[in-house]
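# Examination of the molecular architecture
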Amino acid sequence: FHQKHPGKMGKAGQARQVFRTYGKTKSASKVKSTDKKTPGQQKLKKGLAPGSVLIMLAGRFRGRRAVFLKQLASGLLLVTGPYAVNGVPLRRVNQRMCIGTSTKVDLK
């Protein structure tokens with residue numbers, strides 16, 4: 001696509017074409033699988049321990065208090081209401097979507 005004015009956008013705002021040449025001059029270097037960083041276990045928010053009461057900030061149960069049971073391998077938190085008490089089932093919750101409170105519940 002040919003442009004009369006090199007600095008201005010032509011053709012109703014279409015992006016200018018950039019021509020790339022792939023030849024023998026550039027060698028594509030692949031990243032080895034051993035070089036990639038593997039994500040470690042996500043750190044737990046300060047003040048969170050099994051039995052802590054959380055306030056959920058997002059989703060269907062936002063504003064509800066739930067009990068933190070454990071951290072899953074994916075980094076999400078497993079929480080429950082318990083269901084019989086306030087209707088919050090076993091749920092996986094992102095740490096950023098909850099606030100920890102100072103209240104602790106004894107997990108038997």
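Below you will find a few notes about this structure. Here the structure is a predicted model, which is why all the values come from computation and not from measurement.

### Remarks on unusual backbone geometry
- Following Gly81, the chain continues to Pro82 via a peptide bond in cis, the omega torsion being -5°.
- Structurally, the position occupied by Pro82 is in the loop between strand 3 (77-80) and helix 1 (83-86).

### Brief notes about the nonpolar core
- Counting 11 residues, the largest nonpolar core is built from Leu48, Leu54, Met56, Phe61, Ala66, Phe68, Leu77, Val79, Val88, Val93 and Cys98.
- Contributing elements (two or more residues each) for this core: strand 1 (52-56), strand 2 (65-71) and strand 3.
- Among all residues touching Phe68, those that are not within four sequence positions of it are Leu44, Leu48, Ala49, Pro50, Gly51, Ser52, Leu54, Leu77, Leu78, Val79 and Leu107.

### Focus on the sheet that holds strand 1
- Across the sheet, five strands lie side by side as 4-3-2-1-5; this open sheet has antiparallel pairing. The sheet is open, and its two edges are formed by strand 4 (91-93) and strand 5 (98-104), each paired on a single side. Each strand of the sheet is rotated relative to its neighbour by a mean of 45°, with strand direction disregarded.
- Pairing of strand 1 with strand 5, which is carried by four bridges, proceeds in the antiparallel orientation. By the bridge assignment for strand 5, Met56 is matched with Cys98.

### Side note on the side chain of Thr80
- Following the sequence through the fold, Thr80 ends up in strand 3.
- Accessibility expressed as a relative area gives 13% for Thr80, which makes it buried.
- The contact partners of Thr80, leaving out residues within four places of it in the chain, are Ala66, Val67, Leu69, Val88, Pro89 and Leu90.

### Some thoughts on the environment of Gly51
- Take Gly51: it is sitting in the segment before strand 1.
- Accessibility expressed as a relative area gives 0% for Gly51, which makes it buried.
- Here the alpha-carbon distance between Gly51 and Lys70, two residues 19 residues apart in the chain, equals 8.5 Å.
- Leaving out residues up to four positions away in the same chain, Gly51 has contacts with Val67, Phe68, Thr103, Lys104, Val105 and Leu107.

Quick notes on the rules
- The numbers attached to residues start from 1 for each chain and follow its sequence in the written order.
- In keeping with the model being predicted, local features are shown solely for residues with a pLDDT of at least 70 and side-chain atom pairs are shown and tallied solely at 80 or more, while totals for entire chains, interfaces and linings include all residues.
- Values shown for side chains rest on all heavy atoms present in the structure; no hydrogens or waters enter the calculation.
- Each helix corresponds to a stretch of at least 4 residues labelled H or I by DSSP, and each strand to a stretch of at least 2 residues labelled E; elements are numbered beginning at the N terminus.
- By nonpolar core we mean a set of buried residues, namely Ala, Val, Leu, Ile, Met, Phe, Trp, Tyr and Cys, connected to one another through side-chain atoms within 4.5 Å.
- Only protein chains enter the area calculation, which uses a 1.4 Å probe; residues under 20% of their type maximum are buried, those over 50% are exposed, and those in between are partly exposed.
- Should any heavy atoms of two residues lie within 4.5 Å, those residues are counted as being in contact.
- Two strands are said to pair when DSSP picks up at least two bridges between them.
- To define axes, lines are fitted to C-alpha atoms, for helices over the stretch in contact only, and angles between the resulting N-to-C directions are given on a 0 to 180 degree scale.

These figures capture arrangement, not role.
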